[in-house]
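Below, each chain spelled out in residue letters.
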Amino acid sequence: MHKYSALIALVMTTIMLITNHGTEHVHSPELNIKNFDEKHTEYFEGERPYTDGLEFSLTCSDCGEEFPFDGDVICETDKITRDDTSLVFRSGEYTVELPVTVTPVRRIAFVGDSITHGVWGTAFPTYVKKALRKNVTVGNFGVSGIAVTGWGGSWNDPDFRYIKQDVFDEVVAFEPELIFVMLGTNDAGNWEEALKTFDDDYEALLTAFLETGADVIVLPPMPTTDRNTFALPNEIISDEVKPHEKAVTDKLGIEFYDINAMLTEYTPDGYYTDGVHLSESGKTYFGGIMADKIRDFYGIE
C-alpha cells in the first residue's frame, strides 16, 4: 500500500462517519478489538505482545454501528512488564486498550560453594529452573572451594572470603528478588580458625545481601557422610556451623530454612557421590525441594 493510502483511508472513513445520516446523528467513532483470546491477554513478564489474529474495527460509541476499517494499527508496548495492566493499540488519532494479566518472573540467586556450583554434570539450580519454568530466572553463584571466612576449602586464606570475591558483585548485579545462601561446609574444614571470625563475617555477608533489597533465606550446610572424600566432619557442620548460622539469622531476622535437619532425617539412596557433593539424582531431589520452597514463598501454583 502507498505510504499515504492508509492515512487517506482513515481520514475518509472518519469524514464518512461524522457526516453519515446528515444531521440526524453525528457518529463518535472508537477503535475496537475483535477476536482476542488468552494468547493475547495472559503473559509472563518479559514476553512480547502477541498480536497475530487480532482484528480491529471502528464503532460508533453512541449507536454501536460498525464501519469498515483497514488502517494500520501499532501496539505501543514492546515488552511486557510486571506492572502492565493493558496493551495500548494506536491507529492515527484512535487508541484502544486491551486488558492483560501478567505473571511476574522472579529473579532467584543461589549463593554457595561447589555443592551449588555443581560438580560432575548439571547443578541443582538448573533443576529448580526446570521445575518452575517461566516463573523464575535463576542465577547460580556457587564457587568451588569458597568459604564464609576463607578458612578451609581450596585456599584456606581469609582473603578468599565469599564477600571479597568478584562473584559477590555478580550477585548484586543480577538484581535478585530472593537470595538463597548455602555456605559453611568448607569453613568446617578448618573450624578452629574459621570460628574466630565466622559470626562477624557471616553477618557482614548477609547484611550486604539484605542491602540490595532482596529477600534472603539461609540454608545451613547439608550433612556430610562418614569417611567423605574431603574429610569434612558432619559433627562440626551440624553441631557447630549450623548453630552459629542460626544465631546470626535470628539476629538479623532472616529466615533459616533447615535443610540440614530435613536431610538428616531422610536422605534418598544415591544422594551423594563422595559424601559431600550431590549425584545427578541428588541434584534432582534437592532441586525439587528448593522449587517447592519458592512456590510456597511466592504462592506459585
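The paragraphs below set out a description of the structure included in this document. As the structure is a computational prediction, the values presented were derived from the model and not from experiment.

Conventions adopted
- Residues numbered from 1 in each chain as written.
- Predicted model: local features only at pLDDT ≥ 70, side-chain atom pairs only at ≥ 80, totals over all residues.
- Heavy atoms only, no water.
- Helix = DSSP H or I, 4+ residues; strand = E, 2+ residues; numbered from the N terminus.
- Polar contact = N/O pair within 3.5 Å; in protein donor to acceptor, adjacent residues only side chain to side chain.
- Contact = heavy atoms within 4.5 Å.
- Patch = residues over 30% accessible without salt bridge, like charges linked within 9 Å, V, L, I, M, F, W, Y side chains within 5 Å.
- Areas by Shrake-Rupley, 256 points an atom, 1.4 Å probe, with all protein chains shown as cover.
- Salt bridge = Lys/Arg side-chain N within 4 Å of Asp/Glu carboxyl O.
- Lys, Arg positive; Asp, Glu negative; His and termini not counted.
- Charge placed at Lys NZ, Arg CZ, Asp CG, Glu CD.
- Buried < 20%, exposed > 50% of the residue type's maximum accessible area, 1.4 Å probe, protein only.
- Pairing = 2+ DSSP bridges.

## Let's talk about the side chain of N186
Piece 1. Along the polypeptide, N186 turns up in the loop between strand 11 (178–182) and helix 6 (191–210).
Piece 2. Within the structure, the side chain of N186 is placed 2.7 Å from the backbone oxygen of I146, a separation counted as a polar contact.
Piece 3. Ignoring any residue separated from it by four or fewer positions in sequence, one finds N186 in contact with D113, G145, I146, A147, W151, G152, G153 and L232.

## A closer look at a negative patch on the surface
Piece 1. Taken together, the side chains of D226, E235, D239 and E240 make up a negatively charged region of the molecular surface.
Piece 2. With respect to the helices and strands, the residue E240 is situated in helix 7 (residues 234–252).
Piece 3. On the basis of relative accessibility, which here comes to 30%, the residue E240 falls in the partly exposed class.

## Overview of the environment of N35
Piece 1. Here N35 lies in the loop between strand 1 (29–34) and helix 2 (38–41).
Piece 2. The spatial distance from the C-alpha of N35 to the C-alpha of G53 is 6.9 Å, given a sequence separation of 18 residues.
Piece 3. Ignoring anything within four residues of it in the chain, the contact list for N35 reads H40, G53, L54 and E55.
Piece 4. Separated by 2.9 Å, the side chains of N35 and E55 make a polar contact.

## As for the sheet that holds strand 6 (residues 86–91)
Piece 1. Taken in spatial order, the three strands of this open sheet run 5-6-7, and their pairing is antiparallel. Only two strands of the sheet have a single neighbouring strand rather than two, namely strand 5 (74–75) and strand 7 (94–99).
Piece 2. Alignment of strand 5 against strand 6, held across two bridges, turns out to be antiparallel. Looking at strand 6, one finds that I74 is bridged to R90.

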